[in-house]
Amino acid sequence: MPQPDRARLERAIQRIGAPGALALVPLELEKPTEALWLKQAASAKFPRERFDALFFLNRLKSPKALLALDGLTPADAAAWPKHLRLEASIATARLNGAEVSPALQAFLEALQKAGKVDPVRAQAARLRLVMAGKEKELLPPVPATAGTILALMDAWNRGPWSTRRDLALKAFTSLSPESPAWARFGLGRPDQATLDQACVGILSRLGEGVPKPAPVEAFEVEGGPWPCSNSPLAQWYGFQALAKLESPLPGLRRLMEQDHPLGASSALLLGALLPAMRIQSPEQADRVRARLLAGSDPIARAAAIEDLPAPPADLDALTRRVWTDSQFETQQTLIQSYARWKLPVQDQKTQLRPWLQHPNWTCRWEAYRALLKLDPATPWPAAPEPTETDRAILKEATRLAERGKPVRLRISLSGKRSFTLRLDPTVAPMNVANLVLLARKGYFNGRLVPRVVSDFVVQMGSPFDTMDGGPGYTVRCENSLDWYGPGSVGMALSGKDTGGSQFFITTNATPHLTGRYTRLGEVEDLDHALKILDDLELGAKIVAIKVLEP
């Protein structure tokens, strides 16, 4: 076999994860340890190597993380990539006990002079340090926009509840430019139009910032309704926050027992509310769960299955219903529930073995992984017959890969904002072809952006405008060792081989994703794209995703 073909075959076997295959990712990524990354830090010379070592040492909470930047001088600032942002990593290292040396401080000041320090990221880093007592005061206020509000609230949420409690309980009774929160975050005074645009994001951050178990006082704040209170995405985030409350509240119980509890009119939102409803009104939760189990919404059915403390009496009927569901989440949840329900080993095997014959490969893979824990001799599952969709994706993937040129997709967002993705069909042909086919059908048009995490990722592609669901099928992973630098495009997953329609774009380097999530390519014109993505509001509308070529 020719060497290029042999290399492709070996990579395919590694990607599949077949028994006996060598690991695709190196040991320092597969099983990172402080010792491994200190070794990497000692030999790091280039910005990417230094950033990766700093990143992983921070994840490992090493007080020696800043060794990754040893030897840098002011002269090195000129060659440091503008969008390889260090602000958060430096702050994290300091919070983990590292000290910034005079030499490193000189390098950081040179980065500042070179225009390679982002004021918003710098303020977010400073806010964390001030909250921890490492710095005395914030930097000068940054302008308040939808994106900067998210960034500063993300930083604020990383502090302990004890330092955030008073502001959280008193400063958000309404969505007002007069709230004292903005100055405390290091923001300038926002106008009302900015707050209205940021509304869903602010509510999401307030919910995410509630600790678990949640104090009752966090849900007793009184105030007028916010303009986005009825937004399904805002409700979706809010219902997850309610689930952190581990004690019942009489007022909440009454709201849960209404026909449309807390305004949840769709099955999907009822499913999102079910964990909180289980705490507040168990009887109502039982009724809602029964309705969702028997209903037509597969995402809601997955939530209902998750709520079952034990297998239902009609497990066989439920299995038949789930077998034909269009969303893999339902099947994944049921397959994983056999162990959660602590069924006897033989009963688990009896339930799992039929899934090895499911027409969806990912169901076979999920069942195989579960069976492997019960019986290490479980054979590798056979591949299912390709579906019509599989054949269409393969045909397009073959065409794009043989053409060997990048595929360009333009994403147009509300507010006349647009940027372009540059995807590589020679690295991830099936996943690129899948997005191309979906875009040509108009699948993404009109959908919302349900996830914006500052200095990390923007995620889109859910058919439900949340982070749930996909196109009704899954696409297998095509992992590679291509680096997840700033502006990288990757497939969002809920486990191996669960790709579908949701994808993400990184807004800083995210080396821990390398080799674990299918990397499709990157944005064109990084400066232009990141100006949009860094300032994107949660819930922004996708006007269209258009295939420019081929």
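One can find the structure itself at the top, above this paragraph.
I will try to describe carefully the structure that is included in this document. Every value quoted in this text rests on a predicted model; they were computed, and no experiment measured them. (Residues numbered from 1 in each chain as written. Predicted model: local features only at pLDDT ≥ 70, side-chain atom pairs only at ≥ 80, totals over all residues. Heavy atoms only, no water.)

Digging into the overall build of the protein chain
In terms of regular secondary structure, the protein chain is built from 23 helices and 8 strands. A compact globule built from 550 residues would reach a C-alpha radius of gyration of about 24 Å, and the protein chain, at 24 Å, matches this within 12%. Within the protein chain, buried positions represent 51% of all 550 residues. Within the protein chain, one finds 68 positive and 59 negative side-chain charges whose respective centroids are separated by 2 Å. (Helix = DSSP H or I, 4+ residues; strand = E, 2+ residues; numbered from the N terminus. Rg over C-alpha atoms; globule rule 2.2 N^0.38 Å. Buried < 20%, exposed > 50% of the residue type's maximum accessible area, 1.4 Å probe, protein only. Lys, Arg positive; Asp, Glu negative; His and termini not counted. Charge placed at Lys NZ, Arg CZ, Asp CG, Glu CD.)

Re the pattern of salt bridges
Throughout the structure, instances matching the rule amount to 29 salt bridges. For the salt bridge of D534 with R121, the shortest nitrogen-to-oxygen distance reads 3.0 Å. You can see D534 sitting in helix α23 (residues 526-534) and its partner R121 sitting in helix α7 (residues 119-131), a full 413 residues away along the chain. Classification of D534 as partly exposed rests on a relative accessible area of 30%. The salt bridge partner of R253 is E257, with a shortest N-O separation of 3.3 Å. (Salt bridge = Lys/Arg side-chain N within 4 Å of Asp/Glu carboxyl O.)

Details of the packing of aromatic side chains
If you walk through the whole model with that rule in mind, you get 20 aromatic pairs. With a centroid separation of 6.4 Å and 25° between ring planes, the pair formed by F172 and F185 is classed as stacked. Residue F172 is found in the loop between α9 (161-170) and α10 (181-185), and its partner F185 is found in helix α10; the two are separated by 13 residues along the sequence. Both residues of the pair, F172 and F185, count as buried. (Phe/Tyr/Trp six-rings, centres within 6.5 Å; stacked < 30°, edge-to-face > 60°.)

Topic: the nonpolar core
The biggest cluster of nonpolar side chains holds 122 residues, and the ones touching the most others in it are F172, F185, I202, F419, L421, F503 and I505. In contact with I202, other than residues within four places in its own chain, are I149, M153, F172, L175, W182, L195 and W226. V25, F51, L86 and L108 belong to the second largest nonpolar core, which has 29 residues in total. (Core = buried A, V, L, I, M, F, W, Y, C linked by side-chain atoms within 4.5 Å. Contact = heavy atoms within 4.5 Å.)

Focus: the state of the cysteines
Taken as a whole and judged by the stated rule, the model has 1 disulfide. One disulfide in the model links C199 with C228; its S-S distance is 2.0 Å. The S-S bond linking C199 to C228 shows a torsion near -75°; that makes this disulfide left-handed. On the criterion of sequence distance, the pair formed by C199 in helix α11 (residues 192-208) and C228 in the loop between α11 and α12 (232-242) is long-range, its members being 29 residues apart. On the basis of relative accessibility, which here comes to 0%, the residue C199 falls in the buried class. (Disulfide = S-S within 2.5 Å.)

Overview of the pairing of strand β1 (residues 407-413)
Going residue by residue along β1, you find V407, L409, I411 and L413 tucked away on one face and R408, R410 and S412 left uncovered on the opposite face. Of the pairings in the sheet, the one linking β1 to strand β2 (residues 417-423) comprises 7 bridges and is antiparallel in character. Residue pairing across strands places R408 opposite R422, the latter belonging to β2. Counting the residues in the hairpin turn of β1 and β2 gives 3 residues, including G415, whose phi is positive at 85°. As paired strands, β1 and strand β8 (residues 542-549) are joined by 6 bridges and run antiparallel to one another. Residue pairing for β8: L413 is matched across the bridge by I542. (Pairing = 2+ DSSP bridges.)

Structural notes on the environment of A12
Following the sequence through the fold, A12 ends up in helix α1 (residues 3-16). With relative accessibility at 32%, the residue A12 sits in the partly exposed group.

Comments concerning the sheet that holds strand β3 (residues 451-453)
With antiparallel pairing, the 8 strands of this open sheet are ordered in space as β3-β4-β6-β5-β7-β2-β1-β8. Of all strands in the sheet, those with a lone pairing partner are β3 and β8, marking the two edges. Across this sheet, the average inter-strand angle for adjacent strands is 25°, counted without regard to direction. Sheet analysis places strand β5 (residues 488-491) next to strand β6 (residues 503-506), joined by 3 bridges and oriented antiparallel. Across the sheet, residue G490 finds its bridge partner in β6, namely F504. Where α23 meets the sheet, its contacts fall on β1, β2, β4 (457-460), β6 and β7 (519-523), and the angle it forms with β2 comes to roughly 125°. (Axes fitted to C-alpha atoms, helices over the stretch in contact; angles between N-to-C directions.)

Notes on the packing of helix α17 (residues 315-323) against helix α18 (residues 328-340)
Describing two packed helices takes the angle between their axes plus the distance from one axis to the other. Their axes nearest at 9 Å, the elements α17 and α18 cross at an angle of 145°. As for the relative orientation of α17 and α18, their crossing is left-handed in sense. When α17 is examined against α18, the residues L315, L318, T319, V322 and W323 are found in contact with a partner set consisting of T330, Q331, L334 and Y338. Split by residue class, the contact of α17 with α18 holds 6 nonpolar, 3 polar and no charged. (Left-handed = near helix turned anticlockwise from the far one by under 90°. Nonpolar A, V, L, I, M, F, W, Y, C, P; charged D, E, K, R; others polar.)

A short note on the packing of helix α16 (residues 298-307) against α18
Where α16 meets α18, the axes come as close as 8 Å, and the angle between the chain directions of the two elements is 10°. If you check the angle between α16 and α18, you find them roughly parallel. Here P298, I299, R301, A302, I305 and E306 of α16 lie close against α18, whose contacting residues are E329, T330, T333, L334, S337 and R340. In the contact of α16 with α18, the residues fall into 5 nonpolar, 3 polar and 4 charged. (Parallel < 35°, antiparallel > 145°, perpendicular 65-115°, else oblique.)

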